[in-house]
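# Structural overview
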Amino acid sequence: MKEYLSHLIFKTVSEESQKLGFQTYVVGGFVRDIYLKRDSKDVDFVTVGSGIALASAVQKRLKGSHFNVFKNFGTAQIKTDDWEFEFVGARKESYDRNSRKPKVEDGTFRDDIYRRDFTINTLAISLNQENYGELVDTFGGLQDLQSSIIRTPLDPHITFSDDPLRMMRAARFAAQLNFKIEENTLRALKTEAHRLSIISQERTTDELNKIILSRKPSIGFKILFNTKLLHEFFPEMVKLQGVEIREGKGHKDNFYHTLQVLDQCCQKTTDLWVRWSAILHDIAKPPTKRFVKGEGWTFHGHEDKGSRMVKPIFKRLKLPLGENMRKVINLVKLHLRPIALTKEYITDSAIRRLIFDAGEDLEDLMILCKSDITTKNKEKEKRFQANLINVEKNIAAVEERDRIRNWQPPIDGQQIMNVFGIGPSREIGEIKTALKDAILDGIITNEYDEAFKFVLEKGKELGLYKQ
Ligand code: CTP
């Protein structure tokens, strides 16, 4: 801690605060992260006085720094190198139950600390001359940090009611830090969960993404599910939970299966969108579930239906609808294909098709498929993993021979239209598909001359004539 506090900024803030006659503290996540030995370059200062006046005095002494003032919030920010310093005057806030807009008044240091979310985030370090560098621990936050506990400083109903987003933050910190939520706090999460509805979807989703980016997101998702916070914004995922038994035949619980796939995926990639594909890979199992007499449970077409569910879910959750969503859709759609290639007699053409369909998502698809193995039988697991590694080898061999990835046939739609002197039409579409299939199936080679001959023949069959 000494090392941090000898940092120029803390000395400067302390001196300027003294000159202004303010009392100033470092608070929140930065202090928490010192004890957790997590690197953090975002520092929050609370001053009993004007945050803007203090920041402005400090900024004048920090060469090359950038200064932003948010008058409406009474806060100011200094950015220098990759550090970010936030200054705020100590506040007393009270909230209207139906809005996120708090009534803010100036307050004491204690008022400010009282209105924070969790005890571990109430820790503060004094920058005042008389006790510079001393930890101020009003709510036993250090003890909770050491016992890995998330607990609200006040009655949790008040803390959550003040800002319902804090319920998502509780699940997020539990997942990020692998902490337990204290019993009373957990009970309040259950009774207050419905109040998440006044929070904007963007803010809720932001916390959800932080859970997904943690080392073991299942911790956060189980909390969201058990408290019914998940029910507030993600009913499709809630529906995955449960096992039905008929004629003595059950199916796996797809909610817990999905969480295991997600955790396994997180050990292989930090990519948020591949992790989202793990969450959504079986999302259409509930709506496609059928019981076939004498056979058991089937989920036919869940990969196709699931891929079509991605966009509406992304839209509602206010996730971006661009290239990343396209990847998630593709991964959900193709997630059964590599497993289908573990059968004994697999043709090169089936492998070529997968390479063509997966395109640049092929590596991510293999990560998803390997994560999708959740059997408890160690022998089986070994065999399934080995099969997929074999598929990867086969893919590599075919790729090296054919260079099919990101491939386009040697003659495109426009050229075909020019050959026959007609515009876009069903016939042109048919010829394009037939040409692609013929090359992928190895009927003709991937060369212009052979492709041209094939296009002419196909056109003739369809009653078209070369111009
Ligand atoms: N805070 C709060 N309620 C919120 C958001 C924030 O009480 N809904 C308080 C907490 O004391 C928190 C501090 O404001 O420590 C700073 O918030 P923020 O930067 O969002 O979180 P950090 O705790 O710094 O954690 P992280 O950087 O991991 O988001």
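This is a predicted model, so every value here is computed, not measured.

Criteria and thresholds
- Residues numbered from 1 in each chain as written.
- Predicted model: local features only at pLDDT ≥ 70, side-chain atom pairs only at ≥ 80, totals over all residues.
- Heavy atoms only, no water.
- Helix = DSSP H or I, 4+ residues; strand = E, 2+ residues; numbered from the N terminus.
- Rg over C-alpha atoms; globule rule 2.2 N^0.38 Å.
- Contact = heavy atoms within 4.5 Å.
- Lys, Arg positive; Asp, Glu negative; His and termini not counted.
- Charge placed at Lys NZ, Arg CZ, Asp CG, Glu CD.
- Buried < 20%, exposed > 50% of the residue type's maximum accessible area, 1.4 Å probe, protein only.
- Salt bridge = Lys/Arg side-chain N within 4 Å of Asp/Glu carboxyl O.
- Near = heavy atom within 4 Å.
- Polar contact = N/O pair within 3.5 Å; in protein donor to acceptor, adjacent residues only side chain to side chain.
- Areas by Shrake-Rupley, 256 points an atom, 1.4 Å probe, with all protein chains shown as cover.
- Nonpolar A, V, L, I, M, F, W, Y, C, P; charged D, E, K, R; others polar.
- Core = buried A, V, L, I, M, F, W, Y, C linked by side-chain atoms within 4.5 Å.
- Phe/Tyr/Trp six-rings, centres within 6.5 Å; stacked < 30°, edge-to-face > 60°.

Counting secondary structure elements, the protein chain contains 25 helices and 13 strands. Expected size for 467 residues packed as a compact globule is a radius of gyration near 23 Å; at 29 Å, the protein chain overshoots this value by more than 25%. Its C-alpha atoms give the protein chain principal-axis dimensions of about 90 × 60 × 40 Å. Considering only contacts in the protein chain between residues 6 or more positions apart, those separated by 24 or more positions represent 66%. Across the protein chain, the mean location of the 75 positive side-chain charges is 3 Å away from that of the 67 negative side-chain charges.

Checked against the element boundaries, Glu303 lands in helix 17 (residues 302-316). For the buried residue Glu303, which engages in no salt bridge, the nearest side chain bearing the opposite charge is Arg337, 8.4 Å off. When residues no more than four places from it in sequence are discounted, the contact partners of Glu303 are Val332, Lys333, His335 and Leu336.

The immediate surroundings of the ligand are formed by 13 residues, with Arg32, Arg116, Asp117, Asp163 and Arg166 found nearest. Interatomic distance of 3.0 Å between a side-chain N/O atom of Arg116 and an oxygen atom of the ligand. One of the backbone N or O atoms of Asp117 is found 2.8 Å from an oxygen atom in the ligand. The protein chains hide 72% of the 560 Å² of surface that the ligand would expose on its own. Every element with two or more residues in the shell around the ligand is listed here: helix 3 (29-35) and helix 8 (165-177). Counting residues per element, the shell around the ligand draws most heavily on helix 8, at four residues. Taken together, the residues of the shell around the ligand sort by class into one nonpolar, three polar and nine charged.

Core analysis: the largest hydrophobic core is formed by 101 residues, its most contacted members being Phe221, Trp276 and Leu280. With nine residues, helix 8 is the largest single contributor of residues to this core. With sequence-adjacent residues up to four places away left out, Trp276 is seen in contact with Leu208, Asn209, Ile212, Phe234, Phe314, Leu317, Leu319 and Val328. Formed by 18 residues, the second largest nonpolar core is a distinct cluster that contains Ile411, Met417, Phe420 and Ala434.

Between two aromatic rings, the relevant description is the distance of the centres plus the angle of the planes. Following the criterion strictly, the structure yields 17 aromatic pairs and no others. Look at Phe45 and Phe87: their rings are 4.8 Å apart centre to centre, the planes differ by 20 degrees, and that puts the pair in the stacked class. A residue pair is termed long-range when its members are at least 10 positions apart, and Phe45 in strand 2 (residues 42-48) and Phe87 in strand 5 (residues 83-89) qualify at 42 residues. Here Phe45 and Phe87 have matching classes, each one buried. Members of the aromatic cluster, joined through ring pairs, are Phe10, Phe30, Phe45, Trp83, Phe85 and Phe87.

Looking now at unusual backbone geometry. Positive phi, close to 45 degrees, is recorded for Glu247, a residue that is not glycine. Among the structural elements, Glu247 can be located in the loop between helix 13 (235-238) and helix 14 (254-266). Unusually for a residue other than glycine, Lys318 sits at a positive phi of about 60 degrees. Within the secondary structure layout, Lys318 lies in the loop between helix 17 and helix 18 (323-334).

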